[in-house]
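Spelled out, the chains give:
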Amino acid sequence: LIGFSLGGAISAAAAGWCKPDRLVLLAPFWWEEPLWLRLLFGTLETIFAPAIRPFRLFPPGFAQMMQEARRTNVDLSGVSEADMQQFRELRLPLVFVDQFRRLSRRVRQAAVGLEMPVLILHGEQDTVAQPRFSRRLAELIGANACYETVPGEHHTFMAGGEAFEQTARRIVEFGMEQSN
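Residues numbered from 1 in each chain as written. Predicted model: local features only at pLDDT ≥ 70, side-chain atom pairs only at ≥ 80, totals over all residues. Heavy atoms only, no water.

1. What to know about the overall build of the protein
When helices and strands are tallied, the protein shows 7 helices and 6 strands. Counting every position in the protein, which comprises 180 residues, the buried fraction comes to 37%. Sequence separation of at least 24 residues holds for 71% of the intrachain contacts in the protein that already meet a minimum separation of 6. Surface summary for the protein: the accessible area is close to 10600 Å², and the carbon and sulfur share equals 59%. (Helix = DSSP H or I, 4+ residues; strand = E, 2+ residues; numbered from the N terminus. Buried < 20%, exposed > 50% of the residue type's maximum accessible area, 1.4 Å probe, protein only. Contact = heavy atoms within 4.5 Å. Areas by Shrake-Rupley, 256 points an atom, 1.4 Å probe, with all protein chains shown as cover.)

2. With respect to the side chain of S134
Here S134 lies in helix α6 (residues 131-141). Side chain to side chain, S134 and H122 meet in a polar contact 2.6 Å long. Residues in contact with S134, not counting those within four places in the same chain, are P28, W30, I120, H122 and Y147. (Polar contact = N/O pair within 3.5 Å; in protein donor to acceptor, adjacent residues only side chain to side chain.)

3. Comments concerning the sheet that holds strand β2 (residues 23-26)
On the basis of which strands lie adjacent, the open sheet formed by 4 strands has the order β1-β2-β5-β6 and parallel pairing. Of all strands in the sheet, those with a lone pairing partner are β1 (2-4) and β6 (145-150), marking the two edges. Averaged over all neighbouring strand pairs, the angle between strand axes comes to 15 degrees, with direction disregarded. Of the strand pairs in this sheet, β2 and strand β5 (residues 118-123) are connected by 4 bridges, and their pairing is parallel. Pairing of L23 across the sheet is with V118, part of β5. Against the sheet, helix α1 (residues 6-18) touches β1 and β2, its axis set at about 140 degrees to β1. (Pairing = 2+ DSSP bridges. Axes fitted to C-alpha atoms, helices over the stretch in contact; angles between N-to-C directions.)

4. Structural notes on the pairing of β6
One ladder, built from 6 bridges, connects β5 with β6; its direction is parallel. Residue pairing for β6: G123 is matched across the bridge by V150. For the crossover that starts at β5, traverses α6 and ends in the parallel β6, the hand is right-handed. (Right-handed = clockwise from strand over helix to strand, strands pointing away.)

5. Structural notes on the nonpolar core
Within the largest apolar cluster, 20 residues are counted, with the highest numbers of intra-cluster contacts made by V107, V118, L137 and I141. Contributions of two or more residues to this core are made by α1, β2, α5 (94-111), β5 and α6. Ranked by residue count, the leading element in this core is α6, at 5 residues. Not counting residues up to four positions away in its chain, the partners in contact with I141 are A111, L114, V118 and I120. Of all hydrophobic cores here, the second largest spans 10 residues; its members include V24, L121, F157 and A163. (Core = buried A, V, L, I, M, F, W, Y, C linked by side-chain atoms within 4.5 Å.)

6. Considering α6
All of the buried residues in α6 are P131, F133, S134, L137, A138, L140 and I141. Taken from the residues just after α6, G142 is the one with a positive phi, measuring 90 degrees.

7. Remarks on the packing of α1 against α5
Packing of α1 against α5 brings their axes to within 8 Å, and their N-to-C directions diverge by 50 degrees. Here α1 is positioned oblique relative to α5, judged by the angle of their axes. Read as a crossing pair, α1 and α5 show a hand that is left-handed. In contact with L6, A9, I10, A12 and A13 of α1, α5 contributes F100, L103, R106, V107 and A110. Residue classes in the contact of α1 with α5 are distributed as 9 nonpolar, no polar and 1 charged. (Parallel < 35°, antiparallel > 145°, perpendicular 65-115°, else oblique. Left-handed = near helix turned anticlockwise from the far one by under 90°. Nonpolar A, V, L, I, M, F, W, Y, C, P; charged D, E, K, R; others polar.)

8. Quick look at helix α7 (residues 164-176)
For α7, spanning 13 residues, the distance from its first C-alpha to its last is 19 Å, which sits close to the expected 18 Å at 1.5 Å a residue. Here α7 has its buried residues at T167, R170, I171 and F174. In an axial view of α7, the angular spread of the buried residues amounts to 100 degrees, which keeps them on one side of the axis. Opposite the packed face of α7, turned more than 90 degrees from it, sit the exposed residues E165, R169 and M176. On its buried side, α7 packs onto β1, β2, β5 and β6. (Expected span 1.5 Å × (residues − 1). Arc of directions from axis to C-beta.)

Structure below.
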């Protein structure tokens, strides 16, 4: 089973019950929520409107978003500043945030019970899914996990990405390794 980004988190959570022979996680997008934040979020949900504006603090031009979009062959060069401002005002229902929080808890719960070999690859300069959470995931999985970094950012694994060829070779090698 192979998953990238949010699909990596879903794959990690699902691996506990579908029991694949091997699991490959490419920059899994999850986080380990601290207890204080879980309590704070519950309080905020009851006080505030059921939506947040997560992009409102993005600076004009969205330099990082533009860079990530180019990596995925999405051209945002013709997007007007007015449209960018509209994006900054985009409201995200808290239900989406809550679903991500729930998925992250499932990833953590599943990690301690994963018995198959797990390869976790992460871009060294990834600012979307932070490498520290992948390292933590490898720690939670324990001896069955192998955590490695590759050059590049979040989309480094995609065709044409900086680490695409290296990643493809490593996944094939991992698939051919003998289980302990």
